[in-house]
Amino acid sequence: MIKFPFTKEYNISYIDNLPYKLLSTIDENNIDLELREIFDNGIRVYKSYRYSELILFGTIFEPVCYLWFADDLLLSICYELENRYFEMFKEGINSELPDGLELKEDPLQDGNPLTVYLDDIVEIYLQKLNENFILFKVAYYPR
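Cut-offs applied
Residues numbered from 1 in each chain as written. Predicted model: local features only at pLDDT ≥ 70, side-chain atom pairs only at ≥ 80, totals over all residues. Heavy atoms only, no water. Helix = DSSP H or I, 4+ residues; strand = E, 2+ residues; numbered from the N terminus. Buried < 20%, exposed > 50% of the residue type's maximum accessible area, 1.4 Å probe, protein only. Contact = heavy atoms within 4.5 Å. Areas by Shrake-Rupley, 256 points an atom, 1.4 Å probe, with all protein chains shown as cover. Lys, Arg positive; Asp, Glu negative; His and termini not counted. Charge placed at Lys NZ, Arg CZ, Asp CG, Glu CD. Salt bridge = Lys/Arg side-chain N within 4 Å of Asp/Glu carboxyl O. pLDDT = per-residue confidence, 0-100. Arc of directions from axis to C-beta. Pairing = 2+ DSSP bridges. Polar contact = N/O pair within 3.5 Å; in protein donor to acceptor, adjacent residues only side chain to side chain. 1 Å grid on protein atoms, 1.4 Å probe; cavity = no way out; pocket = protein on both sides within 12 Å on 5 of 7 lines; lining within 4 Å. Points joined across faces, edges and corners; volume = space filled by probe spheres on them. Nonpolar A, V, L, I, M, F, W, Y, C, P; charged D, E, K, R; others polar.

Draft legend 1. Region of the structure containing the overall build of the protein chain. Looking only at helices and strands, one finds three helices and 10 strands in the protein chain. By principal-axis analysis of the C-alpha atoms, the protein chain measures approximately 35 × 35 × 30 Å. Split into buried and exposed, the 143 residues of the protein chain put 44% on the buried side. Sequence separation of 24 or more characterises 47% of the internal contacts of the protein chain that already satisfy a separation of 6 or more. With the model as given, the accessible surface of the protein chain reaches about 8200 Å², and the carbon-plus-sulfur share is 46%. In the protein chain, 13 positive and 26 negative side-chain charges are present, and the distance between their average locations comes to 1 Å.

Draft legend 2. Just the pattern of salt bridges, in detail. Evaluated as defined, the whole model comprises four salt bridges. In this structure, the salt-bridge partner of Arg-44 is Asp-72, at a minimum N-O distance of 2.8 Å. A residue pair is termed long-range when its members are at least 10 positions apart, and Arg-44 in strand β2 (residues 44-48) and Asp-72 in the loop between β5 (64-70) and β6 (73-82) qualify at 28 residues. The class of Arg-44 is buried, set by a relative accessible area of 17%.

Draft legend 3. Spotlight on the confidence of the model for the protein chain. In this model, the protein chain carries a mean pLDDT of 86, and residues with pLDDT of at least 70 account for 92%. Mean pLDDT values over the elements of the protein chain span from 83, in helix α1 (residues 13-16), up to 94, in β6.

Draft legend 4. Representation of helix α3 (residues 86-96). The set of residues buried in α3 consists of Phe-86, Phe-89, Gly-92 and Ile-93. An end-on view of α3 places all buried positions within 140 degrees of arc, on one side of the element. Exposed residues on α3 whose side chains face more than 90 degrees from its buried face are Glu-91 and Ser-95.

Draft legend 5. Representation of the pairing of strand β10 (residues 133-140) in the model. With seven of eight residues buried, β10 lies mostly within the body of the structure. When β6 meets β10, the two strands line up antiparallel, connected through seven bridges. Looking across to β10, one finds that Tyr-79 is bridged to Phe-136. Taking the residues between adjacent antiparallel strands as the criterion, strand β9 (residues 122-128) and β10 are bridged by four residues.

Draft legend 6. Just the side chain of Lys-137, in detail. Within the secondary structure layout, Lys-137 lies in strand β10. At 3.3 Å, the side chain of Lys-137 forms a polar contact with the side chain of Glu-123. Once residues within four sequence positions are removed from consideration, Lys-137 is found in contact with Ser-76, Ile-77, Cys-78, Glu-123, Ile-124 and Tyr-125.

Draft legend 7. Summary view of empty space enclosed by the protein. Applying the stated criterion to the full structure yields one cavity of 30 Å³ or more. In this structure, the largest cavity encloses a volume near 30 Å³. Around the largest cavity, the lining residues are Pro-19, Tyr-20, Tyr-51, Glu-53, Leu-54, Pro-63, Cys-65 and Tyr-79. Its residues assigned to classes, the lining of the largest cavity comprises seven nonpolar, no polar and one charged.

Draft legend 8. Quick peek at the sheet that holds strand β1 (residues 33-38). If you walk across this open sheet you meet the eight strands as β1-β2-β5-β6-β10-β9-β8-β7, and the pairing is antiparallel. Two strands close off the open sheet at either side, each with one partner strand: β1 and β7 (104-105).

Listed below in structure tokens is the structure:
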């Protein structure tokens with residue numbers, strides 16, 4: 001069950017089953033991380049080698065994982081996966097969203113990814129990156 005500041009609780013198993021938890025600290029996640037980039041605003045992006053498998057929607061995946069930290073808190077969990085899983089992720093994500101919510105194209109973001117926001121704080125994001133890969137992201141994203 002996920003609960004963030006100023007939100008109600010949601011029973012969304014695919015978020016609960018992620019090996020990383022939003023708003024956890026860098027100290028809780030610092031095993032097998034490779035610093036990839038530091039931005040001017042202090043955000044740091046790490047590639048994670050800690051978990052080579054991800055089990056979601058009854059399937060085992062071998063994604064590439066990137067973790068985005070600001071002020072030593074995990075703000076975004078990003079997985080790159082093979083493009084063939086796009087529909088499975090879309091259906092799986094939508095199946096557990098509360099009534100009235102579903103992934104929809106976001107015309108304000110490059111590439112019009114499928115996006116949904118929970119209480120305008122948690123972003124769930126799915127995008128085809130290219131002909132080979134998709135990006136699945138769960139982020140703490142107050143708007």
